[in-house]
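Residues per chain are reported as follows:
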Amino acid sequence: MERSTTGPAPEASPAPGGPLPDGPNAVPSRLLDGVPRQRGSTAPAPAPDGAPPSAPALRAWRLLPTPTGTPFTFAYTAILALTSLFASLADPGLVHALHQGSSTDVAHLVRTPALVLTASALWVAGGIVSPYAVVCVLVLTALERRTGGVRAACVFLAGHLLATLATEVPVGLAVLLGRLPGSSLHRLDYGISFGVACGTGALAGLLRPWLGRSVLAVVAGVLLSGLPGSTDPLTDWGHLIALAIGVAAWPWVRGGGSPPCSHMIAQSEHFSGNNRRRQNIESA
């Protein structure tokens, strides 16, 4: 007679290398500490939909101006976009008349210097998508993030002002001496290129030494290569002068020294004060 058992059947052990059984008969898994990716371990949860962007994406966005981070560059870019849109949609004759009225030529600088020096910086030659406009946004954004809006604006204005005077004053003197015709006093000159060149020179002093020197070498090389055979040498020399002004502003943008045009402003105020005192003495 065969023996038979009526009790519960013994649990079958899983085959070697096979999956563990599920359900109430599942064998409890014992995980070893310090051993990654064991059977029964919990998979990492996926990132939520509202997770913040990665670090490279954040760094890319910092290249562009924002209302809170770079208010000066953001507002100035908006103004340039509006004037560029107007120039592309308005009557060409009206746009040309506005450009002539904003020109920083000798005739306008003698009559209304403050007006034309301000108005000429509101127009972009070639529109908002021109290379100078793109470089202007990138350079001013980087400069303002490192130095603040006041210093970035002063650097831009110093390059625009001083490089304009450095190129137009010799024209006026040459006309007085008979070396140039009188039509040179009405040379059309407007745009943002001097301020951009000055901002580039100042920004190079805030970068890593090897990167700053590389930027200066490339920009200076491009500007110098355009001098031979140039149809507008005054403007080309003005770009080099503005770049040098930006380099001269390194101590100030790094947090020390005085603004790049402070000495000139102080000398002009001293000269104006001496003239007023002399006139008062003569009238007395």
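Attention here is on the structure that accompanies the text. Keep in mind that what you see is a predicted model, and the values were worked out from it rather than measured.

Reading the values: the criteria
- Residues numbered from 1 in each chain as written.
- Predicted model: local features only at pLDDT ≥ 70, side-chain atom pairs only at ≥ 80, totals over all residues.
- Heavy atoms only, no water.
- Helix = DSSP H or I, 4+ residues; strand = E, 2+ residues; numbered from the N terminus.
- Contact = heavy atoms within 4.5 Å.
- Areas by Shrake-Rupley, 256 points an atom, 1.4 Å probe, with all protein chains shown as cover.
- Core = buried A, V, L, I, M, F, W, Y, C linked by side-chain atoms within 4.5 Å.
- Buried < 20%, exposed > 50% of the residue type's maximum accessible area, 1.4 Å probe, protein only.
- Axes fitted to C-alpha atoms, helices over the stretch in contact; angles between N-to-C directions.
- Parallel < 35°, antiparallel > 145°, perpendicular 65-115°, else oblique.
- Left-handed = near helix turned anticlockwise from the far one by under 90°.
- Nonpolar A, V, L, I, M, F, W, Y, C, P; charged D, E, K, R; others polar.
- Phe/Tyr/Trp six-rings, centres within 6.5 Å; stacked < 30°, edge-to-face > 60°.
- Salt bridge = Lys/Arg side-chain N within 4 Å of Asp/Glu carboxyl O.
- Expected span 1.5 Å × (residues − 1).
- Patch = residues over 30% accessible without salt bridge, like charges linked within 9 Å, V, L, I, M, F, W, Y side chains within 5 Å.

### As for the overall build of the protein
Along the protein, the regular secondary structure elements total twelve helices and zero strands. Each helix and strand of the protein, placed in order from N terminus to C terminus, yields the pattern α-α-α-α-α-α-α-α-α-α-α-α. The long-range share in the protein, meaning contacts at least 24 apart out of those at least 6 apart in sequence, stands at 70%. In the structure as shown, the protein presents an accessible area of about 18,400 Å², 65% of it carried by carbon and sulfur atoms.

### Digging into the nonpolar core
Judged by nonpolar contacts, the single largest core of 17 residues is most densely connected at L143, V155, C198, A202, L203, A242 and V253. Put simply, the parts of the chain that give this core at least two residues each are helix 6 (131-147), helix 7 (149-176), helix 8 (193-204), helix 10 (233-248) and helix 11 (250-253). When residues of this core are assigned to their parent elements, the largest contribution, five residues, is made by helix 8. If sequence neighbours within four positions are ignored, C198 has contacts with V155, G159, A242, L243, I245 and G246.

### A closer look at the packing of helix 6 against helix 8
Contact geometry of helix 6 with helix 8 gives a least axis separation of 9 Å together with a crossing angle of 40°. Judged on the interaxial angle alone, helix 8 and helix 6 are oblique. Seen from above, helix 6 lies across helix 8 with left-handed handedness. The residues of helix 8 that touch helix 6, namely those facing Y132, V135, C136, V139, A142, L143 and R146, are S193, V196, G199, T200, A202 and L203. Considering only residue class, the contact of helix 6 with helix 8 consists of nine nonpolar, three polar and one charged.

### A closer look at the packing of aromatic side chains
By the definition in use, this model includes two aromatic pairs. Measuring from ring centre to ring centre gives 6.0 Å for F72 and Y76, while their planes differ by 5°; the resulting arrangement is stacked. With F72 and Y76 both in helix 2 (residues 71-89), this residue pair falls four residues apart, about one helical turn. Its relative accessible area of 9% is what places Y76 among the buried residues. The interplanar angle of 65° and the centroid separation of 5.2 Å between the aromatic rings of Y76 and F156 together place this pair among those described as edge-to-face.

### A look at the pattern of salt bridges
Under the criterion given, the structure shown has three salt bridges. E168 is the salt-bridge partner of R187, the closest N and O atoms lying 2.5 Å from each other. Note that R187 is positioned in the loop between helix 7 and helix 8 and E168 in helix 7, a separation of 19 residues in sequence. In this structure R187 comes out as buried when scored by relative accessible area, which is 19%. A salt bridge links D232 to R187; its shortest N-O distance comes to 3.2 Å.

### Considering the environment of P233
Here P233 is to be found in helix 10. Along the primary structure P233 and T167 are separated by 66 residues, whereas in three dimensions their C-alpha atoms are 9.6 Å apart.

### Remarks on the side chain of T70
Relative to the assigned elements, T70 resides in the loop between helix 1 (55-61) and helix 2. Using a relative accessible area of 0% as the deciding quantity, one classes T70 as buried. Setting aside its immediate chain neighbours within four residues, T70 contacts P65, T141, E144 and R145.

### Some thoughts on helix 7
In this model helix 7 runs 40 Å from its N-terminal to its C-terminal C-alpha over 28 residues, within 8% of the 40 Å that 1.5 Å per residue would give. Backbone geometry just after helix 7 places G178 at a positive phi near 80°.

### What to know about a nonpolar patch on the surface
A surface patch of nonpolar side chains, amounting to about 510 Å² of accessible area, comprises W61, L63, L64, V134 and L138. Among the structural elements, V134 can be located in helix 6.

### Some remarks on the packing of helix 6 against helix 7
Running from amino to carboxyl end, helix 6 crosses helix 7 at an angle of 135°, the nearest separation of the two axes being 7 Å. In terms of their interaxial angle, helix 6 and helix 7 are classed as oblique. Judged by the twist between their axes, the crossing of helix 6 over helix 7 is right-handed. Along its contact with helix 6, which presents C136, L140, L143, E144 and T147, the element helix 7 presents G149, R151, A152, V155 and F156. Grouping the constituent residues of the contact of helix 6 with helix 7 by class yields six nonpolar, two polar and two charged.

These results come straight from atomic positions and should not be treated as a statement about function.
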